[in-house]
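For reference, the chains in residue letters:
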Amino acid sequence: MSESKTILVTGGSGLVGKAIEELVTSQKRENEKWIFLNSKDGNLCDIVQTKKLFEKYKPTHVIHLAAKVGGLFDNMSNNLDFLKDNLHINDNVLQTSFESGVKKVVSCLSTCIFPDKTSYPIDESMVHNGPPHTSNYGYSYAKRMVDVMNKAYNQQYGCQFTSVIPCNVFGPNDNFNLKSGHVIPALIRKFFDEIQAGGTSFTVFGSGKPVRQFIYSRDLAKLFLWVLYEYNEIEPIILAVDESDEVTIKEVAEEILKAYNCNSTLLFDTSKADGQYKKTASNSKLRKYLPDFEFTPFSKAVKESVDWYCKNHEIARN
Ligand code: NAP
Ligand code: GDP
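Residues numbered from 1 in each chain as written. Chains lettered and ligands numbered in written order. Predicted model: local features only at pLDDT ≥ 70, side-chain atom pairs only at ≥ 80, totals over all residues. Heavy atoms only, no water.

Caption draft 1: The pattern of salt bridges, seen in detail. Applying the stated criterion across every chain, the model contains 17 salt bridges. When the shortest N-O distance is used, the salt bridge between Glu32 and Arg29 registers 3.3 Å. Looking at Glu32, the relative accessible area reads 18%, which means it is buried. By relative accessible area, Arg29 is classed as partly exposed at 45%. A salt bridge links Asp147 to Lys151; its shortest N-O distance comes to 2.9 Å. Taken together, the residues Asp147 and Lys151, both in helix 5 (residues 137–157) and four residues apart, mark about one turn of the helix. (Salt bridge = Lys/Arg side-chain N within 4 Å of Asp/Glu carboxyl O. Buried < 20%, exposed > 50% of the residue type's maximum accessible area, 1.4 Å probe, protein only. Helix = DSSP H or I, 4+ residues; strand = E, 2+ residues; numbered from the N terminus.)

So, in structure tokens, the structure goes:
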């Protein structure tokens, strides 16, 4: 019989947390109790509230997703908030995990924290090699410190605290707010509203030329569980689709229009920022561990996300 686990998921109400909840609900394992937290359960910027949550649930394992998260335009306007909130949340969660004897913590970084001026593809060894892109330095430096803390907790106390580095994520339960959302949920929402209003003007911010790798939240959930159960390094691991699956923002917008069965022409508002041009990341470390992992094809994942939004737009985070 496997040892019993109480797995606490911080940020359990978000895009990634909901995908993990959906997966563990569909494939229950013995001797496991899962707890999915949101910010109403406790503010993780506050050490007292963080400690109360750990005392209440007594986790043996933690998947740490909670973060102040936002798209390019939210980051550009609020670098200080992104820095401070995420520094506090991460310090509180790791310190409390250490003090309460949690056996393993898997925290979540992001490929946007890598140096802006770099060679490609980016790999796990490059996290601290130079300044991040100026648009999101607050979020990036706070996230980079998780890797520093993981190594220090391991070196000084032998803690098994590790991290994953996903590329851009999207899927059901995303943040569809036009101001704070990432590009896929923002365009799904924008185009939905335009179609409902009978309009034909589908505007994409920026030039449409930047390229991104996108991972479907349901695929990321599977990889998170593999990291929790099987991955034993302290060093981070990039969780990204193959480099050949990188797409331009224009292609993303076209794919979303296609999912709405709409063939209108796209407009590009070049007065708006493009952000980082590219951040192509290598998944070769992941491929060494899981050579046969199959990612959901991008068009299928976009279609499922658009269908989810059409069905759930009234309850979605708008
Ligand atoms: P999300 O949908 O915005 O969800 C954020 C979660 O964090 C929510 O559950 C939120 O609770 C919780 N939270 C925020 N501030 C909190 C606080 N002060 N105290 C307690 N809980 C708090 O984010 P996501 O997209 O799922 O991101 C999950 C993780 O993946 C994050 O660490 C993020 O940095 C990383 N990531 C995301 C992407 C992406 O493209 N989305 C890409 C790479 C990495 P409420 O629901 O109550 O607000
Ligand atoms: P990033 O990967 O951290 O830059 O995050 P985003 O998902 O916010 O943005 C990715 C790209 O999409 C950038 O080049 C944006 O200029 C572009 N983009 C186009 N339209 C939108 C939009 O409506 N919202 C957002 N957030 N980005 C958009």
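Resuming the write-up.
Caption draft 2: Focus on the site of ligand 2. Contacts to ligand 2 come from 18 residues, most closely from Leu72, Val183, Arg212, Ala273 and Asp274. Residue Val183 places a main-chain N or O atom 2.8 Å away from an oxygen atom belonging to ligand 2. In the model, an oxygen atom of ligand 2 is placed 2.9 Å from a nitrogen or oxygen of the Lys279 side chain. When isolated, ligand 2 has an accessible area of 540 Å², and the protein chains bury 97% of it. Among the secondary structure elements, those contributing two or more residues to the shell around ligand 2 are helix 3 (72–77), helix 6 (183–196) and strand 7 (202–205). (Near = heavy atom within 4 Å. Polar contact = N/O pair within 3.5 Å; in protein donor to acceptor, adjacent residues only side chain to side chain. Areas by Shrake-Rupley, 256 points an atom, 1.4 Å probe, with all protein chains shown as cover.)

Caption draft 3: Fine view of the site of ligand 1. Taken together, the neighbourhood of ligand 1 is formed by 28 residues, with Ser13, Ser39, Tyr139, Lys143 and Arg317 sitting nearest. Separating an oxygen atom of ligand 1 from a side-chain N or O atom of Ser39 is a distance of 2.6 Å. A distance of 2.8 Å separates a nitrogen atom of ligand 1 from a polar atom in the side chain of Asn43. Against a free-state accessible area of 910 Å², the protein chains account for coverage of 88% of ligand 1.

Caption draft 4: Structural detail: the packing of helix 6 against helix 10 (residues 298–312). At a minimum axis distance of 11 Å, the contact between helix 6 and helix 10 shows a crossing angle of 55 degrees. In this view, helix 6 runs oblique relative to helix 10, as classed from their interaxial angle. Regarding helix 6 and helix 10, the two cross each other, and that crossing is right-handed. Each of Ile184, Ile188, Arg189 and Phe192 in helix 6 lies in contact with helix 10, whose residues at this interface are Phe298, Ser305, Val306, Tyr309 and Cys310. (Axes fitted to C-alpha atoms, helices over the stretch in contact; angles between N-to-C directions. Parallel < 35°, antiparallel > 145°, perpendicular 65-115°, else oblique. Left-handed = near helix turned anticlockwise from the far one by under 90°. Contact = heavy atoms within 4.5 Å.)

Caption draft 5: Examining the sheet that holds strand 5 (residues 161–166) more closely. Taken together, the six strands give an open sheet; going across it, the order is 2-1-3-4-5-10, and neighbouring strands pair in parallel fashion. Since the sheet does not close on itself, it has two edges, and those belong to strand 2 (32–36) and strand 10 (237–239), each with one partner. Here the average twist between neighbouring strands, direction ignored, is 20 degrees. Sheet strands touched by helix 4 (residues 79–99): strand 1 (5–10), strand 3 (61–64), strand 4 (104–108) and strand 5. Its angle to strand 3, the strand with the most contacts, is close to 175 degrees. (Pairing = 2+ DSSP bridges.)

Caption draft 6: Spotlight on the nonpolar core. Among the nonpolar cores identified, the biggest contains 65 residues, and Ile20, Trp34, Ile63 and Phe224 are the most heavily contacted of them. No other element matches helix 7 (residues 217–230), which puts eight residues into this core. Among residues more than four places away in sequence, those in contact with Phe224 are Val16, Ile20, Ile63, Leu65, Val106, Cys108 and Val164. Of all hydrophobic cores here, the second largest spans 27 residues; its members include Phe202, Val247, Val252 and Tyr309. (Core = buried A, V, L, I, M, F, W, Y, C linked by side-chain atoms within 4.5 Å.)

Caption draft 7: Region of the structure containing helix 6. Over its 14 residues, helix 6 extends 20 Å from the first C-alpha to the last, a length consistent with the 20 Å expected when each residue adds 1.5 Å. Of the residues making up helix 6, those classed as buried are Ile184, Pro185, Ala186, Leu187, Ile188, Arg189, Lys190, Phe191 and Phe192. In the core, the buried residues of helix 6 are packed alongside strand 6 (168–170), strand 7, strand 9 (214–216), helix 8 (249–259), strand 12 (266–269) and helix 10. One or two residues past the end of helix 6 sits Gly198, with phi positive at roughly 75 degrees. (Expected span 1.5 Å × (residues − 1).)

Caption draft 8: Seen up close, the pairing of strand 7. With burial as the criterion, only one face of strand 7 is covered, namely that bearing Phe202 and Val204; the residues Thr203 and Phe205 on the opposite face remain uncovered. Note: strand 7 against strand 12, four bridges, orientation parallel. By the bridge assignment, Phe202 is partnered in strand 12 with Leu266.

Caption draft 9: Inspection of the pairing of strand 5 at higher detail. Among the six residues that make up strand 5, six are buried, leaving the element largely enclosed by the rest of the structure. Along strand 5, one buried face is formed by Phe161, Ser163 and Ile165 and the opposite face, lined by Thr162, Val164 and Pro166, is buried too. Pairing of strand 4 with strand 5 involves four bridges; the strand directions are parallel. Looking at the pairing, Ser107 lines up with Ser163 of strand 5. Between the parallel pair strand 4 and strand 5, the chain is carried across by helix 5, and the sense of this crossover is right-handed. With three bridges joining them, strand 5 and strand 10 adopt parallel strand pairing. Following the sheet pairing, Val164 is matched in strand 10 by Ile237. (Right-handed = clockwise from strand over helix to strand, strands pointing away.)

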